[in-house]
Each structure stands twice: as C-alpha cells, then as structure tokens.
Amino acid sequence: IKYVFDTPSRTYVDGANTVGTEYDAWTEEGILEYYWGEHIHLGWYSDEELAKGAGTLLGCKVKDFIQAKFDFVDEMADWSEADKPAKVLDVGCGIGGTSRHLAKRFGQGTSVTGITLSPNQVKRATELAAEQGVPNAKFQVMNALAMEFEDDTFDLVWACESGEHMPDKKKYVEEMVRVLKPGGKIVIATWCQRETPPEFTEKEKSNLQFLYEEWAHPYFISYEEYERLLRGTGAMARTGSENWVKNTLVSWRHSIWVGVWDPWPVVFAGPRQWYKVVREIVTLERMARAFESGLMTYGMIKGTKK
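None of the values given here were measured: they were computed from a predicted structure.

Details of the UniProt feature "domain: Methyltransferase" (unreviewed entry) in the protein chain
According to UniProt, the positions carrying the feature "domain: Methyltransferase" (unreviewed entry) are residues 84-208. Taken end to end, residues 84-208 comprises 34% helix and 30% strand; its first and last C-alpha atoms sit 39 Å apart.

Set out below in structure tokens:
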C-alpha cells in the first residue's frame, strides 16, 4: 500500500496531462466543490483563530473551511493595494469563486474576467455567476502563457495558485505584466519551493519530485525568484513579496478534517472515488509537511506597473 501511494500517478505532460484535464475531471465529479466551495485555493486564518485551534481535528469548527477562503481573497485584495479597479483579470480562475467575490467587493463599476484551461470550470463558473446574480464577472477558456488580450488592458491582474501549474514561469509573469495597464497592480499568490542556496538534500529533492508528479506540476520556483522575474520585465515601478505560510498552513489538514466530520459524499460515491480521495489525502498531508518544514513556502508577490 505504501509503495502504491508513494508512486506518483499524474506526472505533468505538456499537451496531454496538465492541470486543465485534472480540473475538468474534478469539476465534473463535484467532490472538490462540495468540500472546498467556490474557491479552490488555501484559506486565511488569523493569529487569534490559530490560537483557538482553527483547522485542527478538534478545532475544525473554530473557523469554517470555506469561509477561510473568502477571507483569504479579502486579505490578498487588501495586500494588493488595488482601489476600485475598472477591469480585473483573474488568471487561473477555477470555478470563478474569486472572480465573483472580487466583482461583488468592487461593485458594478468593475468588470472581472476569469480565464482557465478547463472548459468544465468555465461552464460551472458561468452557471454560478448567473445563479448569484453577478453580471460583472465573465469567464473564458484561455492559455495564460498566450493570452488573447491587447497590451495594457487591465487595472488589476490577479493570480491565485496558478503559477505552480505554469510550465514557463518567466512567460507567465511577462504575459500578466503585458496586459496590465500603466499604473495598474499585479498580485500573485502561489506555492513555491524554498530559495537556494543551501542546495536541496536528496530527501528534499525526492519530496519535491513527488509533489511535482502527483498533481501534474511542471516545477516550482521560490517567491524571491517570482519577484526577480517581475522586476526583470523592466516594466515595474515597484515590487514586493512575502511568505504567508503561517496564516495558510492549516488549510492543508483542515481540508482533510472536514471530510472526516462529513464523509458521506465520498462514502456514497463508490470505490473509484474512495481510492482517488485517499490518494488526495496522502498528497495533502505531504504538502502540509513540506510547507511545515520550510521546503515549500506560500509566496505572495505584488507590483505596480510604471
């Protein structure tokens, strides 16, 4: 059993096995949306909530897992320093939870466009926008490395947990800066590996390789490197970066505990779904340990275009 779960099953293959195909499947199954809600990213837990045990097995109800994700969006928006942007681009929008939240937060004077590689996610995001009455959020299938938008289009470019899936981080950053208006803001939240040196040990390399190959990641870089890539475009007036592991770390295990408290959607889904969920639990735990040990960091990067 250990051998099976230690052997990655979804290695990234350009054009064949990417996060787009994975998200198509997860969206169709509905299990991910049931437990994670509209926002397929980590949540935010204040120091006070963490002190009360938020995100732990016994403290699972201290903070609602899905609410933590809405709180993360607000924390990220505050950190971006964006003020009532007229046009927002959400790069890697998932089923559109963040896009709709930003559309509501900024109001009718703001239009939000979400892009994803997954047609199923676009379909679901559009359905939810109609159900919730959010006309200023729209969605389309698009490759973030070759966007169809004109230069200088958006006042705010937002990217939450999409960078880890990109096979060309430099192109990813350059494309987002290209479509950003002069004076506009860019903000990125992404899983990162720690900065080197010191060089990775053999054990660290092995752990990283598993995280690459189990969730179809091409590779990670450090958040410091993301900031260097942002500055390297020559288009930024200023940049900044931070590590938000402290206030996001418990999300990994919280996502497991919510299933422990409410297992029925998985129980009734049948053996194939049981196996898939157990694999995900193993990976979630390995992710938690990687972030806990400092091998991985939760990178926040922002900038203002000249």
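Concerning the pattern of salt bridges
Scanning the model with the defined rule gives 28 salt bridges in all. Asp47 is the partner of Lys246 in a salt bridge, and the nearest nitrogen-oxygen pair spans 3.4 Å. With Lys246 in helix 11 (residues 245-248) and Asp47 in helix 4 (residues 47-51), this pair connects stretches of sequence that are 199 residues apart. With a closest N to O distance of 2.7 Å, Asp151 and Arg178 form a salt bridge. With a gap of 27 residues between them, Asp151 in the loop between strand 3 (137-141) and strand 4 (154-160) and Arg178 in helix 8 (residues 169-179) connect regions that are remote in the sequence. You can call Arg178 partly exposed: its relative accessible area is 23%. Sharing partners across several salt bridges, the network here consists of Glu33, Lys123, Arg124, Glu127 and Glu131.

A look at the packing of aromatic side chains
The final tally for this structure, using the stated rule, is 14 aromatic pairs. An angle of 75 degrees between the planes, with centres 5.8 Å apart, marks the rings of Phe72 and Trp244 as edge-to-face. Of this pair, Phe72 sits in helix 5 (residues 65-80) while Trp244 sits in the loop between strand 6 (236-243) and helix 11, placing them 172 residues apart in sequence. By relative accessible area, which is 7% here, Trp244 ends up buried. Plain terms: the ring middles of Trp191 and Trp215 are 6.0 Å apart, the flat faces sit at 40 degrees to each other, and that makes the pair tilted. Within this pair, whereas Trp191 is found in strand 5 (residues 180-193), its partner Trp215 is found in the loop between helix 9 (202-214) and helix 10 (223-232), the two being separated by 24 residues in sequence.

Overview of the pairing of strand 3
Two elements, strand 2 (residues 111-116) and strand 3, share five bridges in a ladder whose sense is parallel. Pairing of Thr113 across the sheet is with Lys138, part of strand 3. Handedness of the crossover joining strand 2 and strand 3 through helix 7 (residues 119-132) is recorded here as right-handed.

Looking at the environment of Asp83
With respect to the secondary-structure elements, Asp83 resides in the loop between helix 5 and strand 1 (87-91). Separated by 102 residues in the primary sequence, Asp83 and Lys185 place their C-alpha atoms 9.4 Å from one another.

Overview of the sheet that holds strand 6
Read across the sheet, seven strands follow the order 3-2-1-4-5-7-6 without closing on themselves; strand pairing throughout is mixed. In this open sheet, the two edge strands, each paired with only one partner strand, are strand 3 and strand 6. Geometrically, the sheet is characterised by an average inter-axis angle of 15 degrees between neighbouring strands, direction not taken into account. Along the sheet, helix 7 makes contact with strand 2 and strand 3, crossing strand 3 at roughly 165 degrees.

Focus: helix 8
Listed as buried for helix 8 are Lys169, Tyr172, Val173, Glu175, Met176, Val177 and Val179. On the buried face of helix 8, the contacting elements are strand 1, strand 4, strand 5, helix 10, strand 6 and strand 7 (296-305). Here helix 8 starts with a cap whose side-chain oxygen sits 3.3 Å from the backbone nitrogen of Lys170, and that cap is Asp168.

Here we look at the environment of Gly43
Position of Gly43 relative to the elements: it lies in the loop between helix 3 (31-36) and helix 4. The class for Gly43 is buried, based on a relative accessible area of 0%. The residues contacting Gly43, other than those within four sequence positions of it, are Ala68, Lys69, Phe72, Asn247, Thr248 and Ser251.

Focus: the nonpolar core
In globular proteins that are soluble, nonpolar side chains generally tend to be buried together. Core analysis: the largest hydrophobic core is formed by 58 residues, its most contacted members being Phe72, Trp158, Trp191, Trp252 and Tyr298. The greatest single-element share of this core, amounting to seven residues, is contributed by helix 5. In contact with Phe72, other than residues within four places in its own chain, are His41, Leu42, Gly43, Trp44, Cys160, Ala189, Trp244, Thr248, Tyr298 and Met300.

Re the packing of helix 9 against helix 14 (residues 271-293)
Where helix 9 meets helix 14, the closest approach of the two axes is 11 Å, and the angle between their N-to-C directions is 140 degrees. By the angle between their directions, the pair helix 9 and helix 14 is classed as oblique. Between helix 9 and helix 14 lies a crossing whose hand is left-handed. Contact with helix 9, carried on its side by Asn207, Phe210, Leu211 and Glu214, involves Arg279, Thr283, Arg286, Met287 and Ala290 of helix 14 and no other residues of that element. When grouped by side-chain class, the residues that make up the contact of helix 9 with helix 14 number four nonpolar, two polar and three charged.

Calculation rules
Along each chain, the written sequence defines residue order, and numbers are assigned to residues from 1. This being a predicted model, a pLDDT of at least 70 is required before a residue's local features are given, and a value of 80 or more before pairs of side-chain atoms are given or counted; all residues contribute to the totals for chains, interfaces and linings. To get the side-chain values, take all heavy atoms of the structure and skip hydrogens and water. UniProt positions are given in the numbering used here, feature names are shortened, and annotations may be inferred rather than shown by experiment. Secondary structure follows DSSP: runs of H or I at least 4 residues long count as helices, runs of E at least 2 residues long count as strands, and numbering of each begins at the N terminus. For salt bridges, the criterion is a side-chain nitrogen of Lys or Arg within 4 Å of an Asp or Glu carboxyl oxygen. Burial classes: relative accessible area under 20% of the type maximum marks a residue as buried, over 50% as exposed, and values in between as partly exposed (1.4 Å probe, protein chains only). Each Phe, Tyr or Trp ring, with Trp reduced to its six-membered ring, pairs with another whose centre is within 6.5 Å; inter-plane angles below 30 degrees give stacked pairs, above 60 give edge-to-face pairs, and intermediate values give tilted ones. Two strands are counted as paired when DSSP detects at least two bridges linking them. With the strands aimed away from the viewer, a crossover counts as right-handed if its path from the first strand over the helix to the second runs clockwise. An axis is simply a line fitted to the C-alpha atoms; with a helix, the fit covers only the stretch in contact. Between two such axes, the angle follows the N-to-C directions and lies from 0 to 180 degrees. Throughout, a residue-residue contact means that at least one pair of heavy atoms, one from each residue, lies within 4.5 Å. Nitrogen and oxygen atoms within 3.5 Å of one another constitute a polar contact, given that in protein one can donate a hydrogen and the other can accept it, and given that sequence-neighbouring residues count only through two side-chain atoms. In plain words, nonpolar cores are sets of buried Ala, Val, Leu, Ile, Met, Phe, Trp, Tyr and Cys residues tied together by side-chain atoms within 4.5 Å. What sets the label is the angle itself: under 35 degrees gives roughly parallel, over 145 gives roughly antiparallel, 65 to 115 gives roughly perpendicular, and the rest give oblique. By definition, turning the near helix anticlockwise from the far helix through less than a right angle yields a left-handed crossing, and turning it clockwise yields a right-handed one. Lys, Arg, Asp and Glu make up the charged group, whereas Ala, Val, Leu, Ile, Met, Phe, Trp, Tyr, Cys and Pro make up the nonpolar group; the residues left over, Gly among them, are polar.

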